[in-house]
Amino acid sequence: MVLAVLNARVAFERNVNDVANREFKFKSIASPVKDDAAASAKLILIDGELDAGGSDLSALTDGRLPSDEDEPAANVFFRAGSSGGRFRMDFADSIEIARVNTYSWHPSTRGPQLYKLYAADGSDAKFDQAPKRGVDPASCGWKLIALVNTLPEQGEEGGQYAASVSDASGSLGKYRHLLFDCYVTELHDNWGNTFYSEIDVIAAH
Ligand SMILES: [Ca+2]
Ligand SMILES: [Ca+2]
């Protein structure tokens with residue numbers, strides 16, 4: 001199983017509904033910032049359809065945050081009833097990446113995050129910059145970095161989540177592209193696509 005070779009560390013924290021507020025403050029994971037490496041990256045939808053009630057992909061990197069727990073227009077989420085999708089972040093050049101932080105907020109099942117993070121420098125001869133669902137990115141020049149799953153084992157899922165992918169060495173590697181393969185958090189109804197509020201990519205110094 002390929003997951004066994006993953007080295008990245010995945011941490012996450014949650015502010016439950018009662019304490020979550022617009023400040024996105026967490027115990028140890030930094031709050032979202034505006035001037036991270038993602039701010040100037042290009043975002044490209046690869047597969048799936050964004051929900052018309054939400055923002056386009058630019059809300060992921062605009063440094064703005066929703067001001068309350070159910071603010072669709074300030075979040076990016078795949079169409080209700082669909083099973084998620086994929087998008088790519090392109091930095092134009094390879095950069096040394098220290099960590100990738102993803103933030104989400106919703107009072108119910110659209111709060112938690114469930115996605116696979118891939119990275120590529122684009123140099124592989126087989127590199128496909130837009131592999132659709134059904135194509136394993138690892139088969140076309142991408143490296144699986146982490147599986148991020150912030151779903152609580154039991155109880156209510158709602159709240160504000162911060163996930164942070166990093167590496168003990170201080171660097172996840174040098175990459176030009178990141179691919180986010182986003183899954184629904186539940187299949188009971190149409191409301192399992194996460195409300196992603198911001199993605200920060202912190203470059204290594
Ligand atoms: Ca940001
Ligand atoms: Ca945002």
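Further up the page is the structure itself.
The written sequence of each chain sets the order in which its residues are numbered from 1. Written order determines the labels here, with chains lettered from A and ligands numbered from 1. Only residues with pLDDT of at least 70 are given local features in this predicted model, and only at 80 or more are side-chain atom pairs given and counted; all residues enter the totals for whole chains, interfaces and linings. Working from all heavy atoms in the structure, the side-chain values ignore hydrogens and water.

**Things to note about the coordination of the calcium ion (ligand 1)**
Thought 1: Looking at the calcium ion (ligand 1), one finds its protein donor set to be Val33 (O), Asp36 (OD), Glu198 (OE) and Asp200 (OD), positioned 2.3 to 2.4 Å from the metal centre.
Thought 2: Water is absent from the atoms considered, so a metal site may look incomplete; donors are defined as N, O and S atoms within 2.8 Å of the metal, or 3.2 Å for Na, K and Ca. We note that the donor set of the calcium ion (ligand 1) lies within a single chain, spaced as V-x2-D-x161-E-x1-D. With Val33 in the loop between strand S1 (9–15) and strand S2 (42–47) and Asp200 in strand S8 (residues 196–203), this residue pair connects regions lying 167 residues apart in the sequence.
Thought 3: When accessible area is computed with a 1.4 Å probe and restricted to protein chains, residues below 20% of their type maximum are described as buried, those above 50% as exposed, and intermediate ones as partly exposed. Asp200 gets classed as buried once you look at its relative accessible area, which sits at 1%. Starting at the N terminus, helices and strands are each numbered in turn, a helix being any DSSP run of H or I of at least four residues and a strand any DSSP run of E of at least two.

**Looking at the coordination of the calcium ion (ligand 2)**
Thought 1: Here the calcium ion (ligand 2) is held by Ala59 (O), Asp62 (OD), Arg64 (O), Ser197 (O) and Glu198 (OE), and the distances to it run 2.2 to 2.4 Å.
Thought 2: Look at Asp62 and you get partly exposed, because its relative accessible area is 25%.
Thought 3: Judged by relative accessible area, Ser197 falls into the buried class, the value being 0%.

**Details of the state of the cysteines**
Thought 1: Here, a disulfide means two cysteine sulfur atoms that sit within 2.5 Å of each other. As enumerated under the stated definition, the model contains zero disulfides in all.
Thought 2: No disulfide involves Cys140; its sulfur sits 17 Å from the nearest other cysteine sulfur, which is in Cys182.

**Structural notes on the nonpolar core**
Thought 1: In this text, buried Ala, Val, Leu, Ile, Met, Phe, Trp, Tyr and Cys residues form a nonpolar core when linked through side-chain atoms within 4.5 Å. Counting residues in hydrophobic clusters, the biggest one holds 30 residues, and the most contacted among them are Phe87, Met89, Val100, Val165, Leu178 and Phe180.
Thought 2: With five residues, the top contributor of residues to this core is strand S3 (residues 85–106).
Thought 3: If sequence neighbours within four positions are ignored, Phe87 has contacts with Leu43, Ile44, Leu45, Ile46, Leu57, Leu60, Phe78, Leu178, Leu179, Phe180, Cys182 and Ile199.
Thought 4: Residues Ile46, Tyr118, Phe127 and Trp142 belong to the second largest nonpolar core, which totals eight residues. In this description, contact between two residues means that some pair of their heavy atoms is separated by no more than 4.5 Å.

**Comments concerning the pattern of salt bridges**
Thought 1: Note on definitions: salt bridges are taken to be side-chain nitrogens of Lys or Arg within 4 Å of carboxyl oxygens of Asp or Glu. Tallied over the full model, the rule gives six salt bridges.
Thought 2: The shortest N-O distance in the salt bridge between Arg86 and Asp181 comes to 3.1 Å. Here Arg86 is found in strand S3, whereas its partner Asp181 is found in strand S7 (residues 173–182), with 95 residues between them in sequence. The same class applies to Arg86 and to Asp181, which are both buried.
Thought 3: Via salt bridges that share partners, Arg86, Arg133 and Asp181 belong to a single interconnected network.

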